[in-house]
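The primary structure of each chain is shown beneath.
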Amino acid sequence: MGSLLLLLYIVVALCNYSVVQSYLGRYVGSRLSAASGGEVSIGALYVNPLGQVVVKDALLVSPTNDTLANLGRLAVRFNRFPLNGEGLSFDVVTLSNTYYHFATIPSDGSVKG
């Protein structure tokens, strides 16, 4: 049990280093870019084991090269994680220095900015 707590402490400590946060941001951004077909870049990603995720300096660009969001800071606190398939439940979502562009989806399903 003690070694498990030590391992958890080491992981949490590593996540507080800016180099690790930048690497996590690049990794998650590349995975999201591949999944969405657009461009997603994340400057830093911090995951707190108590249920908070902070994304810093993120840019979301659609596959049609339209900027959807430029996030300075996005902080999300979860009520629960999707352990039973019901999805995420958010308690607090905070946006700082953020610019976004909404797209409308008409009845024919085409996306227009």
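Conventions used here
- Every chain is numbered on its own, with residues counted from 1 as its sequence reads.
- In view of the model being predicted, local features appear only for residues whose pLDDT reaches at least 70, and side-chain atom pairs are presented and counted only at 80 or more, with totals across whole chains, interfaces and linings using the full set of residues.
- Based on all heavy atoms of the structure, the side-chain values leave hydrogens and waters out of the count.
- In this description, a nonpolar core means a group of buried Ala, Val, Leu, Ile, Met, Phe, Trp, Tyr and Cys residues linked to one another through side-chain atoms lying within 4.5 Å.
- Accessible area is worked out with a 1.4 Å probe on protein chains only. A residue is then buried under 20% of its type maximum, exposed over 50%, and partly exposed in between.
- Secondary structure elements follow DSSP: runs of H or I of four or more residues count as helices, runs of E of two or more count as strands, with numbering from the N terminus.
- The contact criterion used throughout is that any non-hydrogen atoms of two residues lie within 4.5 Å.
- A carboxyl oxygen of Asp or Glu within 4 Å of a side-chain nitrogen of Lys or Arg is what we treat as a salt bridge.
- Patch membership requires over 30% relative accessible area and the absence of a salt bridge. Like charges are linked within 9 Å, and nonpolar side chains (Val, Leu, Ile, Met, Phe, Trp, Tyr) within 5 Å.
- With residues, only the protein chains shown are counted as cover, and all accessible areas are computed by Shrake-Rupley using a 1.4 Å probe.
- Multiply 1.5 Å by the residue count of a helix minus one, and that product is the helix's expected span.
- To obtain the arc, one takes the directions from the helix axis to the C-beta atoms.

Novice: Teacher, can you tell me more about the nonpolar core here?
Specialist: General note: in soluble globular proteins, nonpolar side chains tend to be found buried as a group. Counting 10 residues, the largest nonpolar core is built from Val40, Ile42, Leu45, Val53, Val55, Ala58, Ala69, Leu71, Val76 and Phe78. Per element, the largest residue contribution to this core is four residues, and it comes from strand E3 (residues 67–80). Leaving out residues up to four positions away in the same chain, Val55 has contacts with Ile42, Ala44, Leu45, Gly72, Arg73 and Leu74.

Novice: Help me understand the pattern of salt bridges in this model?
Specialist: Pairs may arise between side chains of opposite charge once their charged atoms sit close together. Counting across every chain of the model gives one salt bridge. Put simply, Asp91 and Arg77 hold a salt bridge, and the shortest N to O gap is 2.0 Å. Here Arg77 lies in strand E3 and Asp91 lies in strand E4 (residues 89–100), a separation of 14 residues in the sequence.

Novice: Looking at this model, I keep getting lost on a nonpolar patch on the surface. Mind explaining?
Specialist: There is a patch of nonpolar side chains on the surface, built from Met1, Leu4, Leu5, Leu7, Leu8 and Val11 and spanning about 650 Å² of accessible area. Looking at where Met1 falls in the secondary structure, it is placed in the segment before helix H1 (2–15).

Novice: I tried to follow helix H2 (residues 18–36) on my own but got confused; where do I start?
Specialist: The terminal C-alpha atoms of H2 lie 26 Å apart, and with 19 residues this matches the ideal 27 Å at 1.5 Å per residue to within 8%. Gln21, Gly25, Gly29 and Ser33 are the residues of H2 that are buried. The buried residues of H2 occupy one face: seen down the axis, they fall within an arc of 100°. Relative to its buried face, H2 has exposed residues pointing more than 90 degrees away, namely Val19, Arg31, Ala34 and Ala35. Looking at the packing, one finds that the buried side of H2 touches H1 and strand E1 (39–48). Phi turns positive one or two residues past the end of H2, at Gly37, with a value near 85°.

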